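Secondary and tertiary structure notes
Each chain, letter by letter, is given below.
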Amino acid sequence: MPTVGVKRDLLFQALGRTYTDEEFDELCFEFGLELDEITSEKEIISKEKGDCKASGASEVILYKIDVPANRYDLLCLEGLVRGMQVFKNKMEAPRYRRVGPARGQPQRLVITKDTAAVRPYAVAAVLRDITFTQERYDSFIELQEKLHQNICRRRTLVAIGTHDLDTISGPFTFTAKPPADISFKPLNQTKEFTAVQLMSLYKADNHLKHFLHIIEDRPVYPVIYDSNGVVLSMPPIINGDHSKITLKTKNVFIECTATDLTKAKVVLDMMVTMFSEYCSQPFTVEEAEVVSPDGQIYKYPELAYRKEKLSGQLINKKIGISESTERIAQLLTRMCLLSHPTGVGDEIEVEIPPTRSDVIHACDIVEDAAMAYGFNNITRTIPRTYTIANQFPLNKLTELMRQEMAAAGFTEALNFALCSQEDISDKLGKKIADTKAVHISNPKTAEFQVARTSLLPGLLKTIAANRKMPLPLKLFEISDVVLKDETKDVGARNCRRLSAIYYNKNPGFEVIHGLLDRTMQLLEVKLGRGDGYHIQAADDSTFFPGRCAEIFVQGKSVGRLGVIHPDVITRFELNMPCSALELDIEPFLGRAAETSLTNEVPMQEVVKRRFPVKEESSQAPPSCPASTKTVFGDMSTPVGLKALNEFLADRSYMEGFWASQADTSVFDSLPVAPSPTLCHLRRWYNHIKSLQAERGSLPSAKTQFVLHDASGNDASDDDIDLFGSEGEEEAAEAARVKEQRLAEYAAKKSKKPALIAKSSILLDVKPWDDETDMKKLEECVRSVSMEGLLWGQSKLVPVGYGIKKLQIGCVVEDDKVGTDVLEEAITAFEDHVQSVDVAAFNKI
């Protein structure tokens with residue numbers, strides 16, 4: 001979101017009243033904005049460059065306001081104040097008008113055909129008899145910068161030029177010339193430069209260097225001349241110094257050159273509507289004529305008003321309110337959308353001004369109505385319909401597979417969905433034309449040119465980046481690839497795949513094959529042709545010849561596995577063999593499960609619900625319940641009903657995520673429909689009632705909720721042991737068995753050898769000088785002997801000036817040898833040792 005900085009005092013002066021920071025923050029929220037920060041110029045410079053640079057800076061309070069990216073009319077103080085005043089009903093939205101010149105012909109801008117190769121479009125307008133102050137001038141320049149950064153896309157789509165009309169004379173010519181043929185004095189410079197010199201000059205300019213790339217490689221540069229050959233500007237880089245505007249400027253000529261005509265019209269409308277209030281005739285703009293290369297004449301600015309019609313019922317429904325048509329029209333008018341009921345039903349006619357280019361669809365109008373109504377004023381209500389939230393089946397299967405891949409000893413990798421063309425073609429031994437890859441039209445780097453068509457390149461690159469890790473490396477990834485598909489409306493589709501790779505000193509094909517078998521076991525796909533799965537030999541340039549197999553499930557190919565070709569391994573900068581597997585997992589969605597994938601519980605098919613057509617149920621519920629006694633109490637009493645209502649507060653069913661016989665049994669135990677005050681029970685009751693036609697096909701219950709005694713009479717709650725309490729004899733026997741097992745465990749544990757804590761220590765032993773016999777010094781150090789000490793390797797390390805220190809390692813038992821004891825023993829050799837330092841210390 002763009003951030004607009006306005007001076008607080010100037011803003012309050014324009015609004016006609018003073019607000020506290022809290023009050024203005026609330027006003028911004030009501031208007032759909034956010035007061036991001038309260039600061040000052042001095043504070044900003046102090047944060048960015050330090051206090052020393054901030055000395056002398058202004059301490060005027062600034063409001064930093066976040067504005068929606070599509071609200072170009074709020075990017076300056078003028079538009080912000082105007083919108084808020086209309087919102088607060090303190091003024092009516094102004095009516096913008098395009099007028100002809102008081103004297104003479106309109107200013108004319110002629111476009112030549114030479115511009116077609118660089119910036120083919122241009123629009124123009126005149127702000128006549130405008131009065132600038134320093135604040136207005138600063139706001140005028142700042143709005144240009146905000147638009148350049150936002151809708152103009154850093155001047156690539158549109159570039160704005162503003163000129164003092166009294167210093168130039170029309171008609172103006174917009175053409176394109178070779179850089180060497182363009183010469184003029186640019187803004188704020190003292191001498192003339194050619195376009196070639198300017199491009200070199202501005203490469204060091206922190207502001208303009210970001211725009212040079214737009215035209216610097218073109219054979220011709222765009223340029224605008226007046227009738228006397230004076231250069232107005234070289235868009236999109238710089239204006240000429242001759243026509244620069246000042247505080248004394250009274251007539252402003254605005255031109256916008258562009259590669260997108262629609263954007264140019266919007267930008268021109270924003271510039272003139274925001275500052276036309278300072279003209280002698282407020283909110284009027286003098287027209288200018290633009291002559292296209294084919295000779296057609298167009299008048300700008302368009303300042304087009306358009307009308308849309310929509311129903312009040314639609315707005316009420318989308319927002320969740322119930323307001324009259326007249327009230328909704330008033331709300332929209334407060335958002336600068338002049339509206340009134342047409343008298344035809346609840347129809348509302350909405351007039352969209354040229355400042356609201358963000359209103360494209362009816363939903364934009366509904367959003368403005370909701371904003372004017374106040375989001376905090378919308379009553380929070382409980383939805384009238386109840387639905388059961390379920391995880392998207394493909395994502396659920398993916399999560400279950402991730403758990404099982406990790407349980408099989410593989411580590412998950414997450415790679416970018418975009419990659420280079422080379423990764424999915426040349427490196428895999430394929431042609432890019434055969435990959436069905438979706439190409440990025442304007443890639444920023446060579447690493448992100450296409451959407452990946454395989455997960456293997458990402459895994460191979462991950463292994464290449466982790467070559468120093470201990471072998472074997474076992475990685476997997478479950479994610480999407482993108483493939484071209486002409487049957488889709490976007491011409492491409494996502495495909496969820498599982499890929500795994502095994503990298504070791506040997507190929508490990510049996511590991512990958514075993515992972516495939518385990519995956520199929522979890523998915524409950526049996527080995528064999530027909531309804532099962534099988535593999536058969538295949539040729540693939542990515543895999544080693546004769547070591548590649550295609551995977552078939554129910555006769556359909558779903559993937560491949562095999563040993564990666566040595567050339568592929570080399571291209572990914574690897575030096576050891578590896579095997580890989582890649583298969584689509586979407587064909588297995590029909591076998592998605594409610595239960596987790598585990599070693600004991602294979603995947604089971606989802607219960608397929610058949611919703612009945614409205615007809616008389618063949619299995620009507622019994623007219624009177626068999627029993628009203630349940631684990632929650634007697635369903636004929638308020639206490640029992642309340643307990644059941646609380647139980648269903650966070651549940652959709654009595655058990656699990658699907659309706660079962662447990663629901664029907666409890667449903668039958670209710671003598672009458674529950675009261676509306678028991679909202680959770682009432683919701684569950686109505687849902688189970690709608691399933692009576694298929695109650696016979698519901699899964700069996702795992703838990704008994706309705707209770708019966710042996711004689712067929714209802715059992716009392718007090719007579720039933722709901723928690724499975726044991727008798728005294730059973731409890732004593734259980735206690736005896738528990739004590740016996742604890743004693744056996746303690747005896748077994750006492751026989752285990754105690755762990756000995758050890759540490760690896762690296763010592764730096766420094767001699768007195770370069771004349772010290774280092775061999776003798778090492779002998780002295782190694783002569784130190786004590787229980788729990790084992791000396792290791794040593795080496796001499798240069799210190800400086802010909803002096804070398806002895807670096808020696810040892811392993812000690814922590815309970816027997818300490819570093820202080822070692823240091824004391826070594827420094828006892830005073831003739832050789834100057835000092836001892838512990839260089840490294842690691843627990844073993």
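Here the structure is a predicted model, which means the values were calculated and not measured.

Some details on the environment of Ile-478
Examined against the element boundaries, Ile-478 turns out to sit in strand 24 (residues 473–484). Along the primary structure Ile-478 and Glu-824 are separated by 346 residues, whereas in three dimensions their C-alpha atoms are 58 Å apart. With residues up to four places along the chain from it excluded, the contact list for Ile-478 reads Thr-398, Met-401, Arg-402, Met-405, Arg-496, Arg-497, Leu-498 and Ile-585.

A word on the state of the cysteines
This structure, assessed with the given rule, holds zero disulfides. Cysteine Cys-780 remains unbridged, with the sulfur of Cys-810 as its closest cysteine sulfur at 16 Å.

Details of the packing of aromatic side chains
Tallied over the full model, the rule gives 17 aromatic pairs. Measuring from ring centre to ring centre gives 6.1 Å for Phe-132 and Tyr-137, while their planes differ by 85 degrees; the resulting arrangement is edge-to-face. Its relative accessible area of 8% is what places Phe-132 among the buried residues. Taken together, the ring pairs connect Phe-132, Tyr-137, Phe-140, Phe-275 and Tyr-278 into an aromatic cluster. A cation over an aromatic ring shows up here: Arg-155 above the ring of Phe-211, its NZ or CZ 4.1 Å from the ring centre. A cation over a ring is seen here: Arg-651 above Phe-647, with NZ or CZ 4.1 Å from the ring centre.

Brief notes about the confidence of the model for the chain
Counting all residues, the mean pLDDT for the chain is 85, and 90% of those residues have values of 70 or more. Below pLDDT 50 for its whole length, residues 591–623 participates in 66 contacts with residues either more than four positions away or in separate chains. Note that residues 709–726 has pLDDT below 50 and, in this model, 19 contacts with residues that lie over four places away or in other chains.

Regarding empty space enclosed by the protein
This structure, assessed with the given rule, holds one cavity of 30 Å³ or more. Of the voids in this model, the largest cavity is the one considered here, and its volume is about 110 Å³. Forming the walls of the largest cavity are Asp-73, Gly-79, Arg-82, Gly-83, Ala-93, Pro-94, Tyr-96, Met-274, Cys-336, Pro-353, Thr-355 and Arg-356. Top element by residues in the lining of the largest cavity is helix 5 (residues 77–87). It accounts for three residues. Both domain 1 (3–88) and domain 3 (306–377) contribute no fewer than three residues apiece to the lining of the largest cavity.

Some details on the nonpolar core
Counting 93 residues, the largest nonpolar core has Phe-24, Leu-127, Leu-147 and Ile-254 as the members making the most contacts within it. Per-element tally for this core: the top contributor is helix 8 (residues 261–275), with nine residues. If sequence neighbours within four positions are ignored, Phe-24 has contacts with Leu-11, Phe-12, Leu-15, Tyr-19, Leu-35, Tyr-63, Ile-65 and Met-84. Residues Ile-478, Leu-498, Leu-515 and Val-525 belong to the second largest nonpolar core, which totals 26 residues.

Some details on the sheet that holds strand 1 (residues 3–7)
The sheet built from three strands is open, its strands ordered 1-3-2 with antiparallel pairing. On the outer flanks of this sheet lie strand 1 and strand 2 (34–40), each paired with one strand and no other. Averaged over all neighbouring strand pairs, the angle between strand axes comes to 25 degrees, with direction disregarded. Examined bridge by bridge, strand 1 and strand 3 (residues 61–66) share five bridges and lie antiparallel to one another. Following the sheet pairing, Lys-7 is matched in strand 3 by Leu-62.

Comments concerning the sheet that holds strand 24
Strand order in the open sheet made by the seven strands is 21-24-25-29-28-27-26, with mixed pairing throughout. Of all the strands in the sheet, the pair left with one neighbour each is strand 21 (411–412) and strand 26 (533–537). The pairing of strand 25 (residues 492–503) with strand 29 (residues 578–584) spans seven bridges and is antiparallel. Opposite Ala-500, over in strand 29, you have Leu-581 as the bridge partner. Against the sheet, helix 12 (residues 393–407) makes contact with strand 21, strand 24 and strand 25, and its axis sits at roughly 160 degrees relative to strand 24, the strand it touches most. Packed onto the sheet, helix 14 (residues 456–464) meets strand 24, strand 25, strand 27 (543–553), strand 28 (556–564) and strand 29 and runs at close to 35 degrees relative to strand 25.

Description of the UniProt feature "domain: B5" (unreviewed entry) in the chain
When the UniProt feature table is mapped onto this chain, "domain: B5" (unreviewed entry) is found at residues 303–380. The span residues 303–380 carries 38% helix and 21% strand; its end-to-end C-alpha distance comes to 40 Å.

Section: the pattern of salt bridges
Within this structure, the stated rule accounts for 38 salt bridges. Note that Glu-286 is salt-bridged to Arg-128, the shortest N-O span being 2.8 Å. With Glu-286 in strand 15 (residues 284–286) and Arg-128 in the loop between strand 6 (121–127) and helix 6 (134–149), this residue pair connects regions lying 158 residues apart in the sequence. By relative accessible area, Glu-286 is classed as buried at 5%. The partner of Glu-778 in a salt bridge is Arg-782, with the nearest N and O atoms 3.0 Å apart. Linking Glu-778 with Arg-782, this pair stays in helix 21 (residues 774–782), spanning four residues, or about one helical turn. With a relative accessible area of 32%, Arg-782 lands in the partly exposed category.

Focus: the pairing of strand 27
Summarising the sheet, strand 26 and strand 27 pair through five bridges and their orientation is antiparallel. Bridge pairing links Ala-537 to Ala-549 in strand 27. Here strand 26 folds back onto strand 27 in antiparallel fashion, the turn holding five residues. The hairpin turn running from strand 27 into strand 28, its antiparallel successor, is two residues long, and Gln-554 in that turn takes a positive phi close to 55 degrees.

Some thoughts on the packing of helix 6 against helix 8
Contact pair helix 6 / helix 8: the axes reach a minimum separation of 11 Å and the direction vectors enclose 160 degrees. In this view, helix 6 runs roughly antiparallel relative to helix 8, as classed from their interaxial angle. Both helix 6 and helix 8 take part in a crossing whose hand is right-handed. On helix 8, the residues touching Arg-136, Ser-139, Phe-140, Leu-143, Gln-144 and Leu-147 of helix 6 are Val-267, Met-270, Met-271, Met-274 and Phe-275. Per-class residue counts for the contact of helix 6 with helix 8 are eight nonpolar, two polar and one charged.

Rules behind the numbers
- Residues numbered from 1 in each chain as written.
- Predicted model: local features only at pLDDT ≥ 70, side-chain atom pairs only at ≥ 80, totals over all residues.
- Heavy atoms only, no water.
- Helix = DSSP H or I, 4+ residues; strand = E, 2+ residues; numbered from the N terminus.
- Contact = heavy atoms within 4.5 Å.
- Disulfide = S-S within 2.5 Å.
- Phe/Tyr/Trp six-rings, centres within 6.5 Å; stacked < 30°, edge-to-face > 60°.
- Buried < 20%, exposed > 50% of the residue type's maximum accessible area, 1.4 Å probe, protein only.
- Lys NZ or Arg CZ within 6 Å of the ring centre and 35° of its normal.
- pLDDT = per-residue confidence, 0-100.
- 1 Å grid on protein atoms, 1.4 Å probe; cavity = no way out; pocket = protein on both sides within 12 Å on 5 of 7 lines; lining within 4 Å.
- Points joined across faces, edges and corners; volume = space filled by probe spheres on them.
- Domains from an automatic or database assignment.
- Core = buried A, V, L, I, M, F, W, Y, C linked by side-chain atoms within 4.5 Å.
- Pairing = 2+ DSSP bridges.
- Axes fitted to C-alpha atoms, helices over the stretch in contact; angles between N-to-C directions.
- UniProt positions renumbered as here; feature names shortened; annotations may be inferred.
- Salt bridge = Lys/Arg side-chain N within 4 Å of Asp/Glu carboxyl O.
- Parallel < 35°, antiparallel > 145°, perpendicular 65-115°, else oblique.
- Left-handed = near helix turned anticlockwise from the far one by under 90°.
- Nonpolar A, V, L, I, M, F, W, Y, C, P; charged D, E, K, R; others polar.

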